[in-house]
Amino acid sequence: MANLVNEVYADAEKGMWRDGTDRVTTAEITAMIAAGRLVVAREPDGTLVGAMQLQRLPTGEGELGMLVAHPERRGAGLGRDLIAYGESWAREQGLTTMQLELLYPNSWTHPVKKFLYDWYTRLGYQVIGTGDLADDYPDLVSRLATPCDFLIFHKAL
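Residues numbered from 1 in each chain as written. Predicted model: local features only at pLDDT ≥ 70, side-chain atom pairs only at ≥ 80, totals over all residues. Heavy atoms only, no water.

Participant: Break down the packing of aromatic side chains for me, citing the residues and quoting the values.
Facilitator: What describes a pair of aromatic rings is the distance from one ring centre to the other and the angle between the planes of the rings. Counted according to the given criterion, the structure contains 6 aromatic pairs. Measuring from ring centre to ring centre gives 5.5 Å for Y117 and F153, while their planes differ by 70°; the resulting arrangement is edge-to-face. With Y117 in helix α4 (residues 111-122) and F153 in strand β6 (residues 148-156), this residue pair connects regions lying 36 residues apart in the sequence. Residue classification places Y117 among the partly exposed positions, given a relative accessible area of 28%. (Phe/Tyr/Trp six-rings, centres within 6.5 Å; stacked < 30°, edge-to-face > 60°. Helix = DSSP H or I, 4+ residues; strand = E, 2+ residues; numbered from the N terminus. Buried < 20%, exposed > 50% of the residue type's maximum accessible area, 1.4 Å probe, protein only.)

Structure follows, in structure tokens:
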């Protein structure tokens, strides 16, 4: 699982991280599984093709993150299906808002990040603010190769 996430993010966030930076560790994936926060998508034969982190925030929103689709499955609707699953889960929990965050370079336009920004907007998500990376994810700041913000999106469910 960690290999898939790191492979996808290495391509999707090329130029944003210092060389050799992994986006997630096996220990972090193990913790997500233990907490019941990891959703996986598999082919009928069991092959892993996608994943996302899904959780209820202490503030009452559902949150999805770390959305990945196997490179051979891009464009096949897997990401859309995972998001739909997450939104359905949140509704079943009685939640009325879904949140996601997007790491975004603040001094240049990254083509994949621009695509994701536009895609999330088409799915009904709206930017409600910009988080402070140093406050919320201090361990990431030193690993970045370029200054970034993280955009916080919400969608009413």
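Picking up after the structure, the text goes on.
Participant: A description of the pairing of strand β2 (residues 48-56) should follow, citing residues and the corresponding values.
Facilitator: The two faces of the sheet receive side chains in turn, since in a regular strand these alternate between them. By the criterion of burial, β2 is predominantly enclosed, with 7 of the 9 residues buried. Here 5 bridges tie strand β1 (residues 38-42) to β2, and the two strands are oriented antiparallel to one another. Looking at the pairing, R42 lines up with L48 of β2. In this structure, β2 lies alongside strand β3 (residues 62-69), joined through 6 bridges in antiparallel fashion. The residue of β3 that forms the bridge with Q53 is G65. Linkage of β2 to β3, two consecutive antiparallel strands, is achieved through a turn of 5 residues, within which G60 is found at a positive phi near 100°. (Pairing = 2+ DSSP bridges.)

Take it as geometry only, folks, not as evidence of what the structure does.
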